[in-house]
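Okay, here's what each chain looks like letter by letter:
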Amino acid sequence: IGPAIAGALVSLLGVAFVFALNAASFAVFLVVLLAWRGYRPLPHGFEPFLDATRAGVRYVRNAGIIRALYLRLGLFIVPASALYALLPLLATERLGLDATGYGVLLAGVGAGSIVGAFTMPRLRDAIGVNRTVLLCAVVFGASMVGTALSPWAAVSVIILAVGGAGWIGVIATLNGAVQSFLPSWVRTRGLSIYQMVLFGSTAVGSALAGVVAGWTGSVAACLGAGVV
């Protein structure tokens, strides 16, 4: 819903207004956090920050299953992030859309992600974690290829919705697998490294997609990333 609303507001009130409104909305979240008094930390001995960080990194470095899950995450995110990096170019250059149209494209991704979030648990129960990750990665890659080739905005929205389901299938399944393997004493530190891999791979993949698009064009770069 958010991207579609933002696209409409950009066309009516401008980009600066939407960014300011979005920043102001986080003030509400901050007030809720400051007013929250129900949390009580578990009683345990004090552990220095650097020592705790080193312990978390050391655990991940020596846990083969966790390393394999993070490797899968990175191998998926680096090429997959090309879709989000290049979608503005595809929207304007190939589909001739404005900010509102681009917002609708992103809304398609969001709608697919919501549907995928409800269907993934049953899919994982039916075919297992490994096959779910493989299937969803293939679906997302195919949606990247379809988005790059689609000449019609309406078709692109449908393709992106399918891709959104594939995206959430990979991310949520790997996240759940990581949480199930991490012991409680190191779980939050292990998940922080998961987030580092996720966003670090997004940064690398987005920059790489931009470089390749500068050489070959956005369509060819998105096609190549989808195949990868």
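Everything below is about the structure shown above.
(A) Main features of the overall build of the protein chain. The number of helices and strands found in the protein chain is nine helices and zero strands. In the protein chain, the succession of α and β elements from N to C terminus is α-α-α-α-α-α-α-α-α. The principal-axis extent of the C-alpha atoms belonging to the protein chain is close to 60 × 40 × 35 Å. Within the protein chain, the proportion of its 228 residues that are buried is 35%. Put simply, 77% of the contacts in the protein chain that link residues at least 6 apart link residues at least 24 apart. Summed over all atoms, the accessible surface of the protein chain reaches about 13,100 Å², with 74% contributed by carbon and sulfur. Here the protein chain holds 13 positive side-chain charges and 5 negative ones, and the gap between their average locations is 11 Å.

(B) Main features of the environment of leucine 71. Relative to the elements of secondary structure, leucine 71 occurs in helix 4 (residues 64–94). Overall, leucine 71 belongs to the exposed group, its relative accessible area being 53%. Note: C-alpha distance between leucine 71 and leucine 95 (24 residues apart in sequence) is 35 Å.

(C) Structural detail: the packing of aromatic side chains. Counted by the stated rule, this structure contains seven aromatic pairs. The interplanar angle of 75 degrees and the centroid separation of 5.0 Å between the aromatic rings of tyrosine 84 and tryptophan 167 together place this pair among those described as edge-to-face. Highlighted residues: tyrosine 84 in helix 4 and tryptophan 167 in helix 7 (residues 153–181), separated in sequence by 83 residues. You can call tryptophan 167 buried: its relative accessible area is 17%. With 5.5 Å between their ring centres and 45 degrees between their planes, phenylalanine 140 and tryptophan 167 make a pair best called tilted. In this pair, phenylalanine 140 is assigned in helix 6 (residues 129–149) and tryptophan 167 in helix 7, connecting sequence segments 27 residues apart.

(D) Fine view of a nonpolar patch on the surface. A grouping of Leu12, Leu13, Phe17 and Leu21 is seen on the molecular surface, where their side chains present a nonpolar patch of about 420 Å² in accessible area. When residues of the nonpolar patch are traced back to their parent elements, those giving at least two are helix 1 (2–13) and helix 2 (15–35). For leucine 12, the location among the structural elements is in helix 1.

(E) A look at the side chain of asparagine 175. Here asparagine 175 is to be found in helix 7. For asparagine 175, a relative accessible area of 19% translates into the label buried. Other than its neighbours up to four places away in sequence, asparagine 175 contacts Leu191 and Tyr194.

(F) Broad picture of the side chain of arginine 189. Tracing the backbone shows arginine 189 in helix 8 (residues 187–216). By relative accessible area, which is 18% here, arginine 189 ends up buried. Not counting residues up to four positions away in its chain, the partners in contact with arginine 189 are Glu47, Ala52, Ala55 and Gly56.

(G) View of the nonpolar core. One finds Tyr70, Leu73, Phe76, Ile171 and Tyr194 to be the most contacted residues of the largest nonpolar core, which totals 43 residues. Looking at this core, the elements that each hand over two or more residues are helix 4, helix 5 (99–127), helix 6, helix 7, helix 8 and helix 9 (218–227). The greatest single-element share of this core, amounting to 13 residues, is contributed by helix 4. Once you skip the residues sitting within four places of it in the chain, phenylalanine 76 turns out to touch Ala137, Phe140, Trp167, Val170 and Ile171.

(H) View of helix 3 (residues 49–62). Taking 1.5 Å per residue, 14 residues should reach 20 Å; helix 3 reaches 20 Å between its end C-alpha atoms and fits that length. Every buried residue belonging to helix 3 is among Ala52, Ala55, Gly56 and Val60, and all of these are buried. Looking straight down helix 3, one finds that the buried residues subtend no more than 130 degrees of arc, so they occupy a single side. The exposed residues of helix 3 that point more than 90 degrees off its buried face are Leu50 and Asn62. In this structure, the buried residues of helix 3 make contact with helix 4 and helix 8.

About the thresholds
- Residues numbered from 1 in each chain as written.
- Predicted model: local features only at pLDDT ≥ 70, side-chain atom pairs only at ≥ 80, totals over all residues.
- Heavy atoms only, no water.
- Helix = DSSP H or I, 4+ residues; strand = E, 2+ residues; numbered from the N terminus.
- Buried < 20%, exposed > 50% of the residue type's maximum accessible area, 1.4 Å probe, protein only.
- Contact = heavy atoms within 4.5 Å.
- Areas by Shrake-Rupley, 256 points an atom, 1.4 Å probe, with all protein chains shown as cover.
- Lys, Arg positive; Asp, Glu negative; His and termini not counted.
- Charge placed at Lys NZ, Arg CZ, Asp CG, Glu CD.
- Phe/Tyr/Trp six-rings, centres within 6.5 Å; stacked < 30°, edge-to-face > 60°.
- Patch = residues over 30% accessible without salt bridge, like charges linked within 9 Å, V, L, I, M, F, W, Y side chains within 5 Å.
- Salt bridge = Lys/Arg side-chain N within 4 Å of Asp/Glu carboxyl O.
- Core = buried A, V, L, I, M, F, W, Y, C linked by side-chain atoms within 4.5 Å.
- Expected span 1.5 Å × (residues − 1).
- Arc of directions from axis to C-beta.

So yeah, pure geometry; function would need other evidence.
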